[in-house]
Amino acid sequence: MASTSTAKTPVNVAKYADMFAAMGTEARLRIMQLLLSAHPEGLVVGEIQSELDIPNSTLSHHLEKLKSEGLVSVRRESTFLRYTANTQVLQELLQFLYAECCTRNKAVKPQEITQLCK
């Protein structure tokens with residue numbers, strides 16, 4: 001049974017759709033991958049910019065969209081902004097998908113998913 005936070009309600013479906021949409025560009029998906037690879041420390045904006053070669057104004061727009069959907073967290077360190085992937089929210093998103101594809105109708109075998117994580 002899905003947990004309350006990942007239950008299939010119209011509000012949650014819309015929330016998760018917005019999260020997927022936020023990651024639905026190549027640049028934002030690359031940002032998420034980079035922040036996950038730097039977890040738990042995260043990266044400051046300059047490090048993200050130099051690693052992905054995204055113009056600063058464009059990067060700010062992408063980071064703000066990811067932040068507004070709760071996919072990344074930001075904290076100020078002196079004059080720098082440090083971004084980290086919000087792994088708790090990503091876990092909720094994965095649980096939402098997992099509940100549909102792997103437990104209810106077994107469209108995907110759970111062991112195939114967990115093998116990818118090893």
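One can find the structure itself at the top, above this paragraph.
This structure is a prediction, so every number in the text was calculated from the model and none was measured. (Residues numbered from 1 in each chain as written. Predicted model: local features only at pLDDT ≥ 70, side-chain atom pairs only at ≥ 80, totals over all residues. Heavy atoms only, no water.)

Undergrad: Describe in detail the sheet that holds strand β2 (residues 72-77), supporting the description with residues and values.
TA: Spatially, β1-β3-β2 is the arrangement adopted by the 3 strands of the open sheet, whose pairing is antiparallel. The sheet terminates laterally at β1 (43-44) and β2, the two strands that pair on one side only. Strand direction decides the pairing type here: β2 and strand β3 (residues 80-85), joined by 6 bridges, are antiparallel. Among the inter-strand pairings, Arg75 is bridged to a residue of β3, identified as Arg82. (Pairing = 2+ DSSP bridges. Helix = DSSP H or I, 4+ residues; strand = E, 2+ residues; numbered from the N terminus.)

Undergrad: Go over the packing of helix α2 (residues 26-37) against helix α3 (residues 45-52) with me, naming the residues and quoting the values.
TA: When two helices pack together, their arrangement is given by the angle between the helix axes and by the axis-to-axis distance. Relative to each other, α2 and α3 sit at 120 degrees, their axes nearing to 11 Å. The angle between α2 and α3 places the two elements in the oblique class. As for how α2 packs across α3, the hand of that crossing is right-handed. Residues Arg30, Ile31, Leu34 and Leu35 of α2 touch α3, and the partners they reach there are Ile48, Glu51 and Leu52. A class-by-class count of the residues in the contact of α2 with α3 yields 5 nonpolar, no polar and 2 charged. (Axes fitted to C-alpha atoms, helices over the stretch in contact; angles between N-to-C directions. Parallel < 35°, antiparallel > 145°, perpendicular 65-115°, else oblique. Left-handed = near helix turned anticlockwise from the far one by under 90°. Contact = heavy atoms within 4.5 Å. Nonpolar A, V, L, I, M, F, W, Y, C, P; charged D, E, K, R; others polar.)

Undergrad: Would you mind going over the packing of aromatic side chains in detail, with residue names and values included?
TA: Following the criterion strictly, the structure yields 1 aromatic pair and no others. Ring geometry for Tyr16 against Phe96: centres 4.6 Å apart, planes inclined by 35 degrees, an arrangement best described as tilted. Of this pair, Tyr16 sits in helix α1 (residues 10-22) while Phe96 sits in helix α5 (residues 87-104), and the two are 80 residues apart along the sequence. (Phe/Tyr/Trp six-rings, centres within 6.5 Å; stacked < 30°, edge-to-face > 60°.)

In short, the description is geometric, and any link to function would need to be established separately.
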